[in-house]
Structures are given as C-alpha cells and as structure tokens.
Amino acid sequence: MSIHKEVKVITTHILSEMKFKGEKISMLTAYDFSIAKLVDSAGIDVILVGDSASNVMAGYETTLPITLDNMIYHAASVVRGVKRALVVVDLPFGTYQGNSKEALYSAIRIMKETGAHAVKLEGGVGVKESVERILSAGIPVMGHLGLTPQSIHKFGTYVVRAKEEEEAEQLKKDAVLLEDLGCFAIVLEKVPAKLAEQVAQMVKIPIIGIGAGGGVDGQVLVVHDMLGINQDFSPRFLRRYHNLAAEIEGAVKTYIHDVKNRDFPNEREQY
Ligand code: KIV
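These remarks concern the structure in this document. Only a predicted model underlies this, so the values are computations on that prediction, with no experimental measurement involved.

1. Focus on the pairing of strand S7 (residues 207–210)
The alternating pattern of S7 places Ile 207 and Gly 209 on one face and Ile 208 and Ile 210 on the opposite face, and all of these are buried. In this structure, strand S6 (residues 185–189) lies alongside S7, joined through four bridges in parallel fashion. Within S7, the residue paired with Ile 186 across the bridge is Ile 207. The parallel pair S6 and S7, bridged by helix H10 (residues 193–202), forms a crossover whose chirality is right-handed.

The following block contains the structure:
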C-alpha cells in the first residue's frame, strides 16, 4: 500500500518518507477555495499557492507585481478548502530578499493569517539568511532553484536554466546548502533532466520538478495549465489533462443562446 493512500494528513515528514520509500510526490497549484477543495479531495499530496497567481489569476505578465496581502487572500481561501494536502505558500517578490527580518515577518504573516503549513522562496546562497531566520521560527521552508521566475529580469528569458557547467555546479551547491539549512523540499524548475536527477540523488530531501524530467521525487504543475484553462502557455514540459477553456466557452455560448432564445429559464427553473 502506498503512503499516499494510507495517510489522512500530509506533513513534511510524510513527504520525506515518500522519498525514502521511492513514492513520487504529486503537487499542483491552487489559488481559491473551490479549486483547492476539488484538488484536495482528488488526493493531491501538496497544494502550492504559487505566486503564479500573479499570471493566471491577476493577468500580470510576470510574478513580480503580486503583493503579500494578495498572497494571503489566496492562501486563506485555499486553506479553507483543504482537509488533507500540505499547503505551501510562495513568499512574493520583495518580501524576503536582502532582509531576513522582513522575510521572517512575511512568513509569520502567511502562517498566522492563512493557516498554511509552509512557505516557499526562490534562490540559494543569496537568500541563506532569510531561510535560516524563517526556519528558526519553526516555519517549514521549501526552496526553489533553476528557473526562478521572480528573477526574470535578470535572466531576460524563460529558457531552460543551468545548461552550462558553471550554473549547474552553483545549482548543486545551492541544493546542498538548502538541505543543510533545513529546508524540507526543493522545487527545481526548467533544468536539464540529467542534472535534476543528479540533484535528487545528492540530497535526502524531496526534489519536486517542473520541466525537470522524471528522475526527481515528484512533479508540480500550474493547475490552470494542466486543466487547459490557460491556453496561452504551451511549454514542452506541460501535459494538458483537459481542455477546460473549450468546455467553458462552449457552455457559456449555449447559455447565451438559451437566454437570447427565451429557452432559459423554463417552467421548472422558476418559482
Ligand atoms: O508559482 C508557482 O506556480 C510556482 C510553480 C511553477 C512551481 O512556483
């Protein structure tokens, strides 16, 4: 029997047990109560209230504009819909870089005001002090390496990261550092599959990949992308499990037709 089917509530310890036993970890984003409830009752292990809410919920081009108050609103809504999954919340851009005291303050606000179980932040050695300070308050931290979208203006493009030796070596060092500091897991985004597999073998904490191949300990996708709600984003790593955009458009067109043709509401649909 897999751990996934046995446990009633997913904790960071359960995730490390999954890695130890070779059971892959499933993770999806959610940003609101209704989707979180569906994703949780389907049996997902981890729900990420990602700062990708900036793109898919608010329509911004990057993840930079979303605020801590916005993230708290999304995370509190998600937590109200979740009974079993571990809920991880992204610390948004500008709330933890360069100032560990502010990082701790931001993480505490998330934990206090949302009821979530952990925070995620982007970067390695550059955010070492922030990670240490948050962990010292007993708040579980998930790292995020590889393509870190909050640094998009430094990278200039969303292409695969760490293809060159120097960046790959730094990424490995950062993964080991995050493990040594006490992070419970790391998201590895858009890096070569071979490198991702090496990292997963180097550290004992789970490595959750997105565009990082199958040799890691789990997978994460943005729920709007995998359900086909968002049709504007089609990277090679994305598998679409549904075409909800077409279904929603079809349903809305039928509704408009029914209203215009006085077909809705009918006798049974009124008082
Ligand atoms: O914000 C987000 O959705 C993420 C995932 C892409 C891992 O960080």
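2. Describing the packing of helix H5 (residues 68–80) against helix H6 (residues 100–114)
For the pair H5 and H6, interaxial distance at closest approach is 9 Å and the crossing angle is 35°. At the point where H5 passes H6, the crossing takes the right-handed sense. Of H6, the residues touching H5 (which contributes Leu 68, Asp 69, Ile 72, Ala 75, Ala 76 and Val 79) are Ser 106, Arg 109, Ile 110, Glu 113 and Thr 114. The residue inventory of the contact of H5 with H6, partitioned by class, reads six nonpolar, two polar and three charged.

3. Focus: the side chain of Asp 45
Tracing the backbone shows Asp 45 in the loop between helix H3 (33–41) and strand S2 (46–49). A relative accessible area of 1% places Asp 45 in the buried class. Engagement of the side chain of Asp 45 in a polar contact is seen with the backbone nitrogen of Ser 26, the distance being 3.0 Å. Once residues within four sequence positions are removed from consideration, Asp 45 is found in contact with His 4, Ile 10, Met 18, Lys 24, Ile 25, Ser 26, Arg 84, Ala 85 and Leu 86.

4. Observations concerning helix H12 (residues 244–260)
Three or four residues apart is the spacing at which side chains of an α-helix point the same way, because the helix has 3.6 residues per turn. For H12, built from 17 residues, the straight-helix expectation of 24 Å at 1.5 Å per residue is met to within 8% by its first-to-last C-alpha distance of 24 Å. Two residues or fewer after H12 comes Arg 262, characterised by a positive phi angle close to 60°.

5. Here we look at the site of the ligand
In the vicinity of the ligand, the contacting residues are Thr 29, Leu 48, Gly 50, Asp 51, Ser 52, Asp 90, Lys 120, His 144, Val 187, Glu 189, Ile 210 and Val 222. The contact in question runs from an oxygen atom of the ligand to an N or O atom on the side chain of Ser 52, over 2.5 Å. In the environment of the ligand, an oxygen atom lies 2.9 Å from a nitrogen or oxygen atom belonging to the side chain of Lys 120. Alone, the ligand offers 260 Å² of accessible surface; in the complex the protein occludes 95% of this. Class assignment for the residues of the shell around the ligand results in four nonpolar, four polar and four charged.

Reading the values: the criteria
Residues numbered from 1 in each chain as written. Predicted model: local features only at pLDDT ≥ 70, side-chain atom pairs only at ≥ 80, totals over all residues. Heavy atoms only, no water. Buried < 20%, exposed > 50% of the residue type's maximum accessible area, 1.4 Å probe, protein only. Helix = DSSP H or I, 4+ residues; strand = E, 2+ residues; numbered from the N terminus. Pairing = 2+ DSSP bridges. Right-handed = clockwise from strand over helix to strand, strands pointing away. Axes fitted to C-alpha atoms, helices over the stretch in contact; angles between N-to-C directions. Left-handed = near helix turned anticlockwise from the far one by under 90°. Contact = heavy atoms within 4.5 Å. Nonpolar A, V, L, I, M, F, W, Y, C, P; charged D, E, K, R; others polar. Polar contact = N/O pair within 3.5 Å; in protein donor to acceptor, adjacent residues only side chain to side chain. Expected span 1.5 Å × (residues − 1). Near = heavy atom within 4 Å. Areas by Shrake-Rupley, 256 points an atom, 1.4 Å probe, with all protein chains shown as cover.

Nothing here speaks to function; it is geometry throughout.
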